[in-house]
Amino acid sequence: MEMTHKIRRRVILLIICSFLSYFTPTICTESDIACLKLIKASLQDPYGYFTSWTFNNNTEGFICRYTGVECWHPDENKIINLRLSDMGLKGEFPRGIKHCTSLTGLDLSSNELQGSIPSDIQRLLPYVTSLDLSSNNFSGEIPSSIADCSNLNALILYNNRLTGRIPQQIGLLRRIKTFSVAHNLLSGPVPNIANVSIRADSYANNSGLCGGPLIKRCKEHHHHQAMKFDFSFKGGFAIGYLVSVVTVIVVYASYCVPWVHSGQRNKMITVAAMILLMIRQKKKKEAEFDQFNSLSAMEFLDQMQVSTSEKFVTRMNFKDLSKATNDFSQHNIIELGEIGTTFKATLANGWSLAVKKFSNSQQSEEQFITELKTLGKLRHDNLLPLLGFCKESKKRLLVYKYMSRGHLFDWLHPTESENKKKILKWPLRVKIAAGVARALAWLHHCCEFRVAHLSISSQCILLDQNFEPKLSNFGMSSMINPKEVNASRGFCMDIEFWEECFIKEDVFSFGIVLLELITGKTATSLKGSDESMEKLITEAPSNSSLSVCDLMDEALIGQGHDQEIFQCLKIACNCVHSYLQKRPSMLDVYTTLSIISDSYEV
């Protein structure tokens, strides 16, 4: 029965994929062709290897015969691998590679490429499994975001001019089998890669590297730990010895030295008591660092999660944040929420931050911990960057990067005074939708932990100065590791149930946001309060005669985007389908939306 259910789900998924591909076959082709065009334009080709790359052919699969190009199938223009090694190519890393949306392998080795490895490489190559940039002239640091390419099996960077430290996050790549950074200018400790044994020759000729399989140990760290242990051991021994001696003196002076004057004896006892008091105060101060002894099990877990988060997020001082927000002035309020208030903070160097000050309640405490442990570990271009936190006494604050364009909700539903100022054109709306879908696809499918947001709305989507969307408000989110049994606060959750219910809830909520982008209506009216709207949404996928203008935001009418809007409407309707099994995955949604988005020059 269970097998039949799984087969039925796969068949439904194939039908949806076939349906989507029916509407966008040529756009897929155009995306990969655009990818090759941009690569050819951005790189110097002294030996003429790109001569065969001509683009005046309209037959399916013609690019699959080009030098260095490998396709998923020879009869379709979907590139799976680019092998451009030893071609004498010159220039910097070709950013046009992002348009090869199905690419899993990239080999640019043995060329004369220079510059840095892109800091957003996980965005350019979201599905890459093999990346070879060896034997070039790449310089600068290895970006930590490379660890977000969670499908990587092989990462080969040897024989370049890379400097700085190797990101320790690379050790979190669960699928990595081949890793080499030999013959560079790297320094610091090598990452601890758990699932495979990396040999010393993978780090050869980097005089500053230490640790791992290398003979050279990280002396500074080792010495620090040894000194710390030695100090604590000797300190404990000395205190114990001193306590014993003082105790003996007190007893001896009290009972065994009758010829000593009582006043002198009292002085001796007083001095000894003072020494004991000082020792006790010292031990009390040391005990203050271990607050867990007096906490409940729930508080203990929360304290542990806060302490663990310091590895990823900076702990900040309340006094400094108070000063940056002008003592949390009402003039600096960005948003008033149920669990707290967000303020704009300005640092001495002119930088702007957003500080969320949580109210003093059990609910806000739980959301503070959840957001800190979730968003603190996640780094993605379409997630709001969490920069720091503050936890002093009963004060709870989270510090984010400031988003100058505010919430998507305010752009879709402006006040009357803002109506003419805040207008989002359709290409920008598609870009925003694709960005949010990309973040959710990563959270659901590509992140090491599976994360369900569970409170997606246009009010939790922030926009930076370039209208790049940033997903925020992770206080209600749920995180699970598919490889482990998830026990959160004593509750064990079935993984299949989690994926079916929580993930599909995110898909539904995204569908509502997409409908907001299309219709300009609020989420409340879209969720069923308006019967005519609900009827139109239900009929839209099957009613080919339905006019898009019946649903379209007035600001979009007559702009010439009806076909793309109708295509997005079908995606949205699939997302809000009443049957969970019929809702698509966010990976499928993002794939389709990114193709539509890339067709516009935004």
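A brief report on the enclosed structure follows.

Cut-off values and rules
- Along each chain, numbering runs from 1 in the same order as the chain's sequence is written.
- Totals for whole chains, interfaces and linings use every residue, but because this is a predicted model, local features are given only for residues with pLDDT of at least 70 and side-chain atom pairs only at 80 or more, for both listing and counting.
- Calculated side-chain values reflect all of the structure's heavy atoms, with hydrogen atoms and water omitted.
- Strand pairing follows a simple DSSP-based rule, namely that at least 2 bridges must link the two strands.
- Here a strand is any run of E in DSSP of at least two residues, a helix any run of H or I of at least four, and the numbering for each starts at the N terminus.
- Cysteine sulfur atoms that come within 2.5 Å of each other are treated as a disulfide pair.
- Exposure classes here rest on a 1.4 Å probe applied to the protein chains alone. A residue is buried below 20% of its type maximum, exposed above 50%, and partly exposed in between.
- The distinction between a cavity and a pocket rests on a 1 Å grid over the protein atoms alone: a 1.4 Å probe fits inside a cavity but cannot get out, while a pocket stays open yet meets protein on both sides within 12 Å along at least five of seven lines, and a residue with an atom within 4 Å of a point counts as lining.
- Grid points are joined across faces, edges and corners, and a volume is the space filled by probe spheres set on the points.
- Working definition: rings of Phe, Tyr and Trp (its six-membered ring) pair if their centres are within 6.5 Å, and the pair is stacked with planes under 30 degrees apart, edge-to-face with planes over 60 apart, and tilted otherwise.
- Orientation is described by lines fitted to C-alpha atoms, with helices fitted over the stretch in contact, and by angles between N-to-C directions that extend from 0 to 180 degrees.
- Throughout this description, the term salt bridge denotes a Lys or Arg side-chain nitrogen within 4 Å of a carboxyl oxygen of Asp or Glu.
- Expected helix span is given by 1.5 Å per residue-to-residue step, counting one fewer step than there are residues.
- Definition used in this section: a nonpolar core is a set of buried Ala, Val, Leu, Ile, Met, Phe, Trp, Tyr and Cys residues joined via side-chain atoms within 4.5 Å.
- Note on contacts: a residue pair is in contact if any heavy atoms of the two residues lie within 4.5 Å.
- Each angle gets one of four labels, with under 35 degrees taken as roughly parallel, over 145 as roughly antiparallel, 65 to 115 as roughly perpendicular, and the rest as oblique.
- Handedness of a helix crossing follows the sense of rotation of the near helix relative to the far helix, less than a right angle counterclockwise being left-handed and clockwise being right-handed.
- Here the term charged refers only to Asp, Glu, Lys and Arg, the term nonpolar to Ala, Val, Leu, Ile, Met, Phe, Trp, Tyr, Cys and Pro, and the term polar to all other amino acids, Gly among them.
- Under the convention used here, Asp and Glu are negative, Lys and Arg are positive, and both His and the chain ends fall outside the count.

1. Section: the pairing of strand β14 (residues 333-336)
The sheet contact formed by β14 and strand β15 (residues 340-346) spans three bridges and is antiparallel. Pairing of leucine 336 across the sheet is with threonine 341, part of β15.

2. What to know about the state of the cysteines
Within the structure shown, the criterion is met by three disulfides. Note that cysteine 64 is cross-linked by a disulfide to cysteine 71, the S-S spacing being 2.0 Å. Disulfide cysteine 64-cysteine 71: torsion about the S-S bond near -100°, hence left-handed. Given a relative accessible area of 17%, cysteine 71 falls into the buried group. Paired by a disulfide, cysteine 210 and cysteine 218 hold their sulfur atoms 2.2 Å apart.

3. A closer look at empty space enclosed by the protein
Under the definition given, this model contains three cavities of 30 Å³ or more. By volume, the largest cavity is sized at about 140 Å³. For the largest cavity, the lining is made up of 15 residues, of which Gln122, Pro126, His380, Trp442 and Cys446 are closest to its centre. When residues of the lining of the largest cavity are traced back to their parent elements, those giving at least two are α10 (426-446) and α15 (586-598).

4. Remarks on the packing of aromatic side chains
Tallying each qualifying case throughout the model produces eight aromatic pairs. Seen in terms of ring centroids, phenylalanine 358 and phenylalanine 368 are 5.5 Å apart; in terms of plane orientation they differ by 80°. Their pairing is edge-to-face. Taken together, the residues phenylalanine 358 in strand β16 (residues 352-358) and phenylalanine 368 in helix α8 (residues 362-375) connect sequence positions 10 residues apart. On the basis of relative accessible area, phenylalanine 368 is assigned to the buried category, the value being 0%. Measuring from ring centre to ring centre gives 5.1 Å for tryptophan 411 and phenylalanine 467, while their planes differ by 75°; the resulting arrangement is edge-to-face. Of this pair, tryptophan 411 sits in helix α9 (residues 408-412) while phenylalanine 467 sits in the loop between β20 (461-463) and β21 (469-471), placing them 56 residues apart in sequence. Like tryptophan 411, the residue phenylalanine 467 is buried in the burial classification.

5. Points about the sheet that holds strand β5 (residues 112-116)
Across the sheet, six strands lie side by side as β3-β5-β7-β9-β11-β12; this open sheet has parallel pairing. The open sheet terminates on both sides in strands that have one partner only, identified here as β3 (90-92) and β12 (208-210). Strand-to-strand twist in this sheet, taken as the mean axis angle between neighbours without regard to direction, amounts to 20°. The sheet contact formed by β5 and strand β7 (residues 137-140) spans three bridges and is parallel. When the bridges of β7 are listed, glycine 115 appears paired with phenylalanine 138.

6. What about the pattern of salt bridges?
Applying the stated criterion across every chain, the model contains eight salt bridges. The shortest N-O distance in the salt bridge between arginine 83 and glutamate 70 comes to 2.8 Å. Here arginine 83, found in strand β2 (residues 79-83), pairs with glutamate 70, found in strand β1 (residues 69-71); they are 13 residues apart in sequence, far enough to count as distant. Taking the relative accessible area as the measure of exposure, arginine 83 reaches 42% and is therefore partly exposed. Since its relative accessible area comes to 32%, glutamate 70 is described here as partly exposed. Between arginine 95 and aspartate 120 there is a salt bridge, and its shortest N-O distance comes to 2.7 Å. Within this pair, whereas arginine 95 is found in the loop between β3 and β4 (105-107), its partner aspartate 120 is found in the loop between β5 and α3 (121-124), the two being separated by 25 residues in sequence. Judged by its relative accessible area of 12%, aspartate 120 falls in the buried class. Look at the salt bridges and you will find they share partners, linking Arg123, Lys431 and Glu468 into a network.

7. Overview of α8
For α8, with 14 residues, the first-to-last C-alpha span of 20 Å sits near the 20 Å given by 1.5 Å per residue. Counting buried positions along α8 yields 10 of 14 residues, so the element is predominantly enclosed. Buried residues of α8: Ser364, Glu365, Gln367, Phe368, Ile369, Thr370, Glu371, Leu372, Thr374 and Leu375, and no others.

8. With respect to the nonpolar core
Among the nonpolar cores identified, the biggest contains 72 residues, and Leu383, Leu408, Leu443, Phe510 and Leu593 are the most heavily contacted of them. Counting residues per element, this core draws most heavily on α10, at 14 residues. If sequence neighbours within four positions are ignored, leucine 408 has contacts with Leu424, Ile432, Ser458, Ile461, Leu463, Val513 and Leu517. Ranked by size, the runner-up nonpolar core spans 54 residues in total, among them Ile39, Phe62, Leu133 and Leu173.

9. Some points on the packing of α10 against α15
It is at 8 Å that the axes of α10 and α15 come closest, and there the two elements cross at 150°. As far as their axial angle goes, α15 and α10 are roughly antiparallel. Note on packing geometry: the crossing formed by α10 with α15 is left-handed. Contact residues: α10 offers Val430, Lys431, Ala433, Ala434, Ala437, Arg438, Leu440, Ala441, His444 and His445, while α15 offers Met586, Leu587, Val589, Tyr590, Leu593, Ser594, Ile596 and Ser597. Of the residues assigned to the contact of α10 with α15, the class counts are 12 nonpolar, four polar and two charged.

10. A closer look at the side chain of aspartate 107
Tracing the chain through its elements places aspartate 107 in strand β4. Look at aspartate 107: it is buried, it has no salt bridge, and the nearest opposite charge is arginine 83 at 5.0 Å. Not counting residues within four places of it along the chain, the set of residues in contact with aspartate 107 comprises Leu82, Arg83, Leu84, Ser85 and Asp132.

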